[in-house]
Amino acid sequence: MSGRTVAGGVRVSVRGSAGSMMTATLVSRALGFVKAIFLVAAIGGTSAGVGGQTFEIANSAPTYLFALIAGGVLGAVLVPQIVRNLNAGSVGQDNTDRLLTIVLVGGAVATVVLTLCAPGIVWLYATTWSPEWRGLATSMAYWCLPQIFFLIAFAVLSQVLNARGVFGAPAWAPAISNLVGIGGILVFLLVLPSGLGDVGTWSPSMIAVLSGSATLAIAVQSLLLAVPLRAMGFRLRLRWGVSGLGQMSAVAGWTLLGVVAGQVTYLVTANVANNAGETLHRLGIDGPSLNSLSLAYLLMLLPHGIVTVSLTTALYTRMSGYAARQDFTATESLSTLATKPVAYVSIAASAVFAALGPLITTVLFGNPGIGQVLQILSIGLVGFSQAYVINRTFFALQDARGPFLTQLVIAVLSAAGAAASALMLPPTLTVIGIAAGVTLANFAGWFTAYRALQRTFRRLGHEPVRGHRASLGYVRLLGAGLASFTVGWMAVVFIGTPPDFGGKALLLGAAGAASLGVFIVVSHVLGDRTVSELRRPTGRMGR
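Residues numbered from 1 in each chain as written. Predicted model: local features only at pLDDT ≥ 70, side-chain atom pairs only at ≥ 80, totals over all residues. Heavy atoms only, no water.

The protein chain has the name Murein biosynthesis integral membrane protein MurJ in an unreviewed UniProt entry, where Cryobacterium zongtaii is given as its organism. On record in UniProt, under Subcellular location (unreviewed entry), the comment for the protein chain is "Cell membrane". (UniProt positions renumbered as here; feature names shortened; annotations may be inferred.)

So this is what it looks like as structure tokens:
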């Protein structure tokens, strides 16, 4: 089967699956932004707010610990293994039950242990904080760390659904979760005292409502998946043992090493950013802190989540199936199918974020400093998204060495950037320096992943398609991105930022529309046909 035939044959089904997920993701991300806006209003988004900085540690720790103990391994292992098990009859079902038993029971035990270790976990992420700050963060962490189990459960159940071709429920569940989270923050805003004060103003009820509602939202997200699973007749039977799972050990091991590298980097980054945040707070300066970096990431990853994750998730099961049948031509074709629209969207988004970052965060959060971090982070978005697509191809091939190497390069360079920022930059610029290091690391990771995937295909006996046309396509998109950035930047510089909120929002809408419009027109004039090709039900993807 030729790569071109595969691309044409799966386009309709992929576009349908990806389109449904993109809609769900768009709704979820929109609700996520509403939640972030309310959260900043409740506890702050920069160094000025103690609650915002401590809650960032408490509420992000479950996500990073989940990634450390299970997240990367689940993403690399579950879908390819379940796809293989689906074709193995009762033996495959038994293997699937054993895999899910190990993950869920082990996740429950790990969650209990980690929750009891909350004081040590907070200290790891904020070693320079005062005892008062760490105490508040620890109290919040006791409420937030149970999220780890529900994150594991959601990952497991959503991967089971994805492996069986069901994508809608896992895509829509986070939207419902965000609604629950918004409800909790609104209760905090309307019923409890302000969370913008110092450590001493935080009461146990404030901590319980804010942190408890965050955990409730994650629990609801996982429990919602029980409905479609029951509808398809899925029943989990607890089976103990590792028989039939040995073939996954190498993939899981390499993936775990990559995750560990990423988590070590985050420890460095979190400590550097947290030290800067507390220093700025003590000096009475409102500047970027770790929660500012997280908010900038939230904005930057919007196009990545809507397009890259949705499209790659829709293709991942198919790639895994072709790879299991050793049809590497078809596997490469599906991987390539994703790279062009991902590049188009990520470069367009980077141009808009780089030009309008401070204005965007002024409108959303009332603070342009977060937008300065966004400007730097967004430059590396294309590298981040392309590396994601390539690494998913590795996982479909049951090869985790390439993603490990990619993650290692990104981790080393990001950690080096954070360390250099701590040593060479003042606290007001430390987080911006961290963002610059992450951007450089993402480009290096993309190059590393691309070269490693070519070597993997050759090792498997498949000669990858040469990328001269793809390189020309990136040049076209880069030219359109520069034009788009220039238009957006000039609009803000020459018009000036209005003093009132309505004027700022109007300027943002006009400048954003002009910037995107220029990107679409210039990319088309330069010969890019991504938009036209996405509209066609069949045909060749990319030029």
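Resuming the write-up.
Thoughts on the pattern of salt bridges
Applying the stated criterion across every chain yields a total of 4 salt bridges. The closest approach of N and O atoms between D528 and K340, which form a salt bridge, is 3.2 Å. Placement of D528 in the loop between helix 18 (501-525) and helix 19 (530-535) and of K340 in helix 12 (residues 328-365) is noted, with a sequence separation of 188 residues between them. K340 shares its class with D528; the two are buried. (Salt bridge = Lys/Arg side-chain N within 4 Å of Asp/Glu carboxyl O. Helix = DSSP H or I, 4+ residues; strand = E, 2+ residues; numbered from the N terminus. Buried < 20%, exposed > 50% of the residue type's maximum accessible area, 1.4 Å probe, protein only.)

Notes on unusual backbone geometry
Even without being glycine, Q326 reaches a positive phi, approximately 60°. Summarising the element assignment, Q326 is placed in the loop between helix 11 (290-324) and helix 12. Classification of Q326 by relative accessible area gives exposed; the value is 60%.

Focus: helix 16 (residues 427-459)
For helix 16, spanning 33 residues, the distance from its first C-alpha to its last is 48 Å, which sits close to the expected 48 Å at 1.5 Å a residue. Downstream of helix 16 by a residue or two, G461 has a phi angle that is positive, lying close to 90°. (Expected span 1.5 Å × (residues − 1).)

Some thoughts on the packing of helix 14 (residues 381-396) against helix 16
Where helix 14 contacts helix 16, the two axes come as close as 8 Å, and the packing angle between them is 25°. Taken together, the axis directions place helix 14 and helix 16 in an arrangement best described as roughly parallel. As helix 14 runs across helix 16, the sense of the crossing is left-handed. When helix 14 is examined against helix 16, the residues V382, G383, F384, Q386, A387, I390, N391, T393 and F394 are found in contact with a partner set consisting of N442, F443, G445, W446, A449, Y450, A452, L453, T456 and F457. For the contact of helix 14 with helix 16, the class distribution of residues is 12 nonpolar, 7 polar and no charged. (Axes fitted to C-alpha atoms, helices over the stretch in contact; angles between N-to-C directions. Parallel < 35°, antiparallel > 145°, perpendicular 65-115°, else oblique. Left-handed = near helix turned anticlockwise from the far one by under 90°. Contact = heavy atoms within 4.5 Å. Nonpolar A, V, L, I, M, F, W, Y, C, P; charged D, E, K, R; others polar.)

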